[in-house]
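Structural overview for review
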Amino acid sequence: MKDVVIACVGKPSAGKSSFLNAVTDATAKVGNYPFTTIKPNYGVAYFPIDCPCKRFGKEKLCSPRYGRCIDGKRFVPIQVMDVAGLVPGASEGQGLGNQFLDDLRHANALIHVVDVSGTTDANGKETIGYDPIGDIEWLRSEIHSWIFGNLNKKWSQIVRRHTATRSTVVETMQLQFSGYGANMTCVQKTMDRSGVKDNMDIWDKATIKKVVDSFLDERFPTIIALNKIDLPDSDKNIAKIMRKYDQNRVVLTSALAETFLRKLSKQKFIKYDEGTDIVETKEDLPDSDLKPLDEKLQNRIEKVQDLVLYRYGSTGVQDVILKAVEVLGLIPAFPVKSLTTFSNPNGKGVFRDCVMIWSGTTVLEFAEIVHPEIAKNYVGAETIGNRKIAEDDIITLENNIICFKTSQGTSGDA
Ligand SMILES: Nc1nc2c(ncn2[C@@H]2O[C@H](COP(=O)(O)OP(=O)(O)O)[C@@H](O)[C@H]2O)c(=O)[nH]1
Ligand SMILES: [Mg+2]
């Protein structure tokens, strides 16, 4: 399976790089990850899931190959990319437009980082009192104009080819959308979503626009991160935006606060439970190895607590990653060699492997992901309670701990 990538997009100075730094800072502490090539503008974030080790009383033995597991809370790695270069007018050739689109092809979901404080204008220049609501529409319409423009300028050719080759609409549109990383399934869903049933030779501009709209929804599910909530004017802007947008797709964040807290935690000034509002100091934990705080640092921490943690419950940064995984419909699956010890297909480590799979993945497809040899020599599969599951069963949270039987036995490497 291709690695899942989440891309941070937004106007200059919205806080994309800060966000990426804030979520990926944990890398050093956590250790390794399964991704072979990490490009310069990529980072690895870790998002928490409930690890089955807890259910089976194996917390102490749980040994993830990647990420870590703390008392049943497992941190799973995922790639996050910082996509710079989108500026107003990009679809008319301003800024780094083409590079931007090229980067986007690798993304499975987008995090739109919005400066909600109103202290940067449409171009990212410092200002006061800017209304950020326009930024949300802007990004989508910029990508939309781009894709529409590319279709529109060669539309008659596209239709001629479509007719001459007697292709289906999905085939023809897949050819056009493949440059943005779309496969057949994605284009089929796009067409279903759009409700467009007319023959392509009678599509007008409005029809093409409608299809592009559905394509954006299908191909680039987006979480909006309203960033810089620590700044004074954010409040009123947040209220306005929350009224207008799907609350399930909007998260309030302070990348700055998260970076600050993680840094202090690393320097052993505080104990910070990422994703929560819990910050503990030497005063709270006198027996710990935490360093004492001077007054200045103490004040800064209190300010972050008052402005961000106590008000919003957390810095929001981890929620964004969780939401992105949620909209993608990814679920964890655990290949094990034994349904009693839960060691991995290689016989090593308890719940060693955790694979994030797309919802709808079948047992046999999962076997292929774990190792092609397992799929090739597949005999059967069982889940908890030695319950047999069929090769075309869909993997859900109910049957996601799987032991494969192969003609070679139960071994294989993930
Ligand atoms: N107050 C505040 N400032 C932030 C926050 N996130 C980023 N910034 C600041 O906004 C500016 C632009 O951030 P940067 O990450 O470089 O934006 P990018 O151009 O989108 O990558 C920098 O000065 C950051 O320190 C935040 O949550 N709160
Ligand atoms: Mg940047």
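Since the model is a prediction, treat every value here as computed from it, not as a measurement. (Residues numbered from 1 in each chain as written. Chains lettered and ligands numbered in written order. Predicted model: local features only at pLDDT ≥ 70, side-chain atom pairs only at ≥ 80, totals over all residues. Heavy atoms only, no water.)

**Quick look at the pairing of strand β14 (residues 401-406)**
Under the convention used in this document: Each residue's exposure class comes from its accessible area (1.4 Å probe, protein chains only) as a fraction of the maximum for that residue type: buried when under 20%, exposed when over 50%, partly exposed otherwise. A helix here means a DSSP run of H or I that spans at least four residues, while a strand means a run of E at least two residues long, and both kinds are numbered starting from the N terminus. Only when DSSP finds a minimum of two bridges between them are two strands counted as paired.
For β14, the buried fraction is high: 5 of the 6 residues fall into the buried class. Here strand β10 (residues 330-335) pairs with β14 via 2 bridges, running parallel. Considered in β14, the bridge of Pro335 is made with Ile402. Of the strand pairs in this sheet, strand β12 (residues 378-383) and β14 are connected by 4 bridges, and their pairing is antiparallel. In the sheet register, Glu382 faces β14, and the bridge partner there is Cys403.

**Examining the sheet that holds strand β13 (residues 387-389)**
In plain terms, the rule: To obtain an axis, a line is fitted to C-alpha atoms, over the contacting stretch when the element is a helix, and the angle between two such axes runs from 0 to 180 degrees between their N-to-C directions.
Taken together, 5 strands build an open sheet; the order of strands is β11-β10-β14-β12-β13 and the sheet is mixed. Edge strands, defined here as strands with exactly one partner in the open sheet, are β11 (355-358) and β13. Strand-to-strand, the axes of this sheet are offset by a mean angle of 45°, without reference to chain direction. In this structure, β10 lies alongside β11, joined through 4 bridges in antiparallel fashion. The residue bridging Pro332 from the neighbouring strand is Met356, located in β11.

**Comments concerning the domain arrangement of the protein**
To be explicit about the condition: An automatic or database domain assignment supplies the residue ranges for each domain. Note on definitions: buried area is the accessible-area loss of two parts on being combined, 1.4 Å probe, summed for both. A side-chain nitrogen of Lys or Arg and a carboxyl oxygen of Asp or Glu constitute a salt bridge if their distance falls within 4 Å. Here a polar contact means two N or O atoms within 3.5 Å. Within protein one must be a hydrogen donor candidate and the other an acceptor candidate, and residues neighboring in sequence count only if both atoms are side-chain atoms.
Domain annotation of the protein identifies domain 1 (5-133 + 222-324), domain 2 (140-214) and domain 3 (330-406). In total, domain 1 and domain 2 occlude about 800 Å² of area from one another, counting both sides; carbon and sulfur atoms represent 72% of this. Seen at the junction of domain 1 and domain 2, the total is 0 salt bridges. The interface formed by domain 1 and domain 2 holds 1 residue pair in polar contact (both at pLDDT 80 or more) in total.

**A word on the site of ligand 1**
To keep it simple, the criterion reads: The rule for a residue being near a molecule or strand is that one of its heavy atoms must lie within 4 Å of it. Accessible surface is estimated by sampling points in the Shrake-Rupley manner with a 1.4 Å probe; for residues, cover comes only from the protein chains shown. Gly is put with the polar residues, along with every residue not named as nonpolar or charged; the nonpolar set is Ala, Val, Leu, Ile, Met, Phe, Trp, Tyr, Cys and Pro, and the charged set is Asp, Glu, Lys and Arg.
Close to ligand 1 lie 15 residues; Ser13, Lys16, Ser17, Ser18 and Asp230 are nearest. Contact distances for ligand 1 include 3.1 Å between a nitrogen atom and a side-chain N or O atom of Asn227. Here ligand 1 loses 71% of its free accessible area of 580 Å² to cover by the protein chains. Mapped onto the shell around ligand 1, the elements with two or more residues apiece are α1 (16-24) and α10 (255-266). A per-element tally of the shell around ligand 1 places α1 first, with 3 residues. Residue classes in the shell around ligand 1 are distributed as 5 nonpolar, 6 polar and 4 charged.

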